[in-house]
Amino acid sequence: MATTAPAHPVDEVPPVRQLAAFGLQHVLAMYAGAVAVPLIVGSAMKLSAADLAYLITADLLVCGIATLVQCVGFWRFGVRLPIMQGCTFAAVSPMVLIGTTGGGLPAIYGSVIVAGLAIALLAPVFGKLLRFFPPLVTGTVILIIGVSLLPVAGNWAAGGQGAKGFGEPKNLALAGFVLLVVLGVQRFAPAFLSRIAVLIGIVVGLAVAVPFGFTDFGGVGDADWLGISTPFHFGTPTFHASAIASMLVVALVTMTETTGDLIAVGEMTDRRVEPRTLADGLRADGLSTVLGGVFNTFPYTAYAQNVGLVGMTRVRSRWVVAAAGGILVLLGLLPKLGAVVAAIPAPVLGGAGLVMFGTVAASGLKTLAQVDFKGNDNLTVVAVSVAVGMLPVGVPTVYAQFPDWFQTVMNSGISAGCLTAIVLNLLFNHLPGKAGSPTKDAEPGEASATA
């Protein structure tokens, strides 16, 4: 009898009970970041509370749809890996500028739709650039992704950026408690429970947070039971050349970030991303961004925090993240459920985030372990790329005097570090070297690890 080959772990479908638990864990890991973009943009434009709530539910709905497209895929859309999608922070500054200088939300959505179409059209071009992402570059980018996310976890642990009691010892104590729970469950619990260590840590942390007054569920009672986002709720999109130009720069940045995230997940799941699959993933980004412009939300990209969760839990099934997408769709259609999740205090997320984001950085180091650093300049490539990537993370205003387009590219540590790593790899490992340089004299086996 002929035997069928076992399914790749990425394609395995866990039991429903595990799908729900693993999927909810991914939702909780990205929820705060997902709702932050509409909150920041809406608040800057001084929208009413009702309009802010509408932006958030629309965002969650399209987050879910975008995640399903990316994980499940259809035709040439979707990388078919465990990738969560959410609004990109790279677009926040340009969108606030567009929205507050006379264009309003219609101008934002017009530029978002054009940017989404551009991403879909440029996807095959980016797919062909995959050869410029050897382990030297991918390991460096993954390391930068992880390290650049750590301040996010730190802000959460301290109470959330702008919170009244930011940095109070009780906030850090709660985050530390959640971190200990996550580590304890991962180390001592049975296999299934260890894979949902983050979910258990968040649930236990929330149970402790409520009696100590860290949060309240007052907003749950005020939220509607049903909310449906209708196309062009805030008016017919308008198309302004300046707004479109700035959003096209954002599109290039998000494509660079998504490329790094897709390669990272490919490394973690042992299903390496090929040029065709990279193009499919970016094309899904473009489609999701167009949907964002139609359904009253913003540009979409892969979420790096969930990359860390994949690495930490070692659950590689794309159907787990597809289940998370389904949960997000429900949260977008049922605002009352979304209000329950929104009530989770920031320190609880911070404790879990420290583990997840650190895992991404550690995965980058694991990839860099494949690279030969003897007798060549690869260490310089890593050192300078990490330094450039960390510069806007450590000094957020470092590029404040530069043009807007430059800030959009370089204020993202991920895109800045990624571009630097690509350029330096080309400079040291592909261009003709000086006489007797290691690049020229490298053995074929060494070259494969660096170029």
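Residues numbered from 1 in each chain as written. Predicted model: local features only at pLDDT ≥ 70, side-chain atom pairs only at ≥ 80, totals over all residues. Heavy atoms only, no water.

**Notes on the pattern of salt bridges**
Argument step 1. Within this structure, the stated rule accounts for seven salt bridges.
Argument step 2. Of the charged contacts, one joins aspartate 270 and arginine 316 as a salt bridge, the two residues approaching to 2.9 Å between their closest N and O atoms. You can see aspartate 270 sitting in the loop between helix H10 (241-269) and helix H11 (275-294) and its partner arginine 316 sitting in the loop between helix H12 (304-313) and helix H13 (318-333), a full 46 residues away along the chain. (Salt bridge = Lys/Arg side-chain N within 4 Å of Asp/Glu carboxyl O. Helix = DSSP H or I, 4+ residues; strand = E, 2+ residues; numbered from the N terminus.)

**Thoughts on the state of the cysteines**
Argument step 1. Under the defined criterion, the tally for this structure stands at zero disulfides.
Argument step 2. Of all cysteine sulfurs in the structure, the one in cysteine 63 sits closest to cysteine 71, which takes part in no disulfide; the separation is 12 Å.
Argument step 3. Overall, cysteine 71 belongs to the buried group, its relative accessible area being 0%. (Disulfide = S-S within 2.5 Å. Buried < 20%, exposed > 50% of the residue type's maximum accessible area, 1.4 Å probe, protein only.)

**A few points about the packing of aromatic side chains**
Argument step 1. On inspection of all chains with the given rule, the structure shows seven aromatic pairs.
Argument step 2. Taking the centre distance of 5.6 Å and the plane angle of 85 degrees together, the rings of tyrosine 399 and phenylalanine 402 count as edge-to-face.
Argument step 3. Judged by its relative accessible area of 39%, phenylalanine 402 is partly exposed.
Argument step 4. Seen from their ring centres, phenylalanine 402 and phenylalanine 406 are 4.7 Å apart, and the 20 degrees between their planes marks the pair as stacked.
Argument step 5. Of the aromatic side chains, those joined through ring pairs into one cluster are Phe74, Trp75 and Phe77. (Phe/Tyr/Trp six-rings, centres within 6.5 Å; stacked < 30°, edge-to-face > 60°.)

**Notes on unusual backbone geometry**
Argument step 1. Backbone geometry places aspartate 270, a non-glycine residue, at a positive phi of 60 degrees.
Argument step 2. Judged by relative accessible area, which is 56%, aspartate 270 ranks as exposed.
Argument step 3. Of note in this structure, asparagine 296 is not a glycine but carries a positive phi near 70 degrees.
Argument step 4. Under the relative-accessibility criterion, asparagine 296 is labelled buried at 1%.

**Overview of the nonpolar core**
Argument step 1. By size, the foremost hydrophobic cluster in this structure holds 112 residues, and its most contacted members are Met95, Ile108, Val198, Ile202, Met247, Phe298 and Leu328.
Argument step 2. Once residues within four sequence positions are removed from consideration, methionine 95 is found in contact with Val37, Val41, Ile108, Val112, Met247, Phe298 and Pro299.
Argument step 3. Core analysis: the second largest hydrophobic core is formed by eight residues, Leu143, Val371, Val381 and Leu424 among them. (Core = buried A, V, L, I, M, F, W, Y, C linked by side-chain atoms within 4.5 Å. Contact = heavy atoms within 4.5 Å.)

**Re the layout of surface pockets**
Argument step 1. Here the second largest pocket defines a volume of roughly 310 Å³.
Argument step 2. Along its surface, the second largest pocket is lined by 14 residues, and Glu267, Met268, Gly311, Ser363 and Lys366 are the ones closest to its centre.
Argument step 3. Listing elements by their share of the lining of the second largest pocket, those giving two or more residues are H10, H12 and helix H15 (346-368).
Argument step 4. For the lining of the second largest pocket, the element with the most residues is H15, which contributes four residues.
Argument step 5. When its residues are assigned to classes, the lining of the second largest pocket shows four nonpolar, five polar and five charged. (1 Å grid on protein atoms, 1.4 Å probe; cavity = no way out; pocket = protein on both sides within 12 Å on 5 of 7 lines; lining within 4 Å. Points joined across faces, edges and corners; volume = space filled by probe spheres on them. Nonpolar A, V, L, I, M, F, W, Y, C, P; charged D, E, K, R; others polar.)

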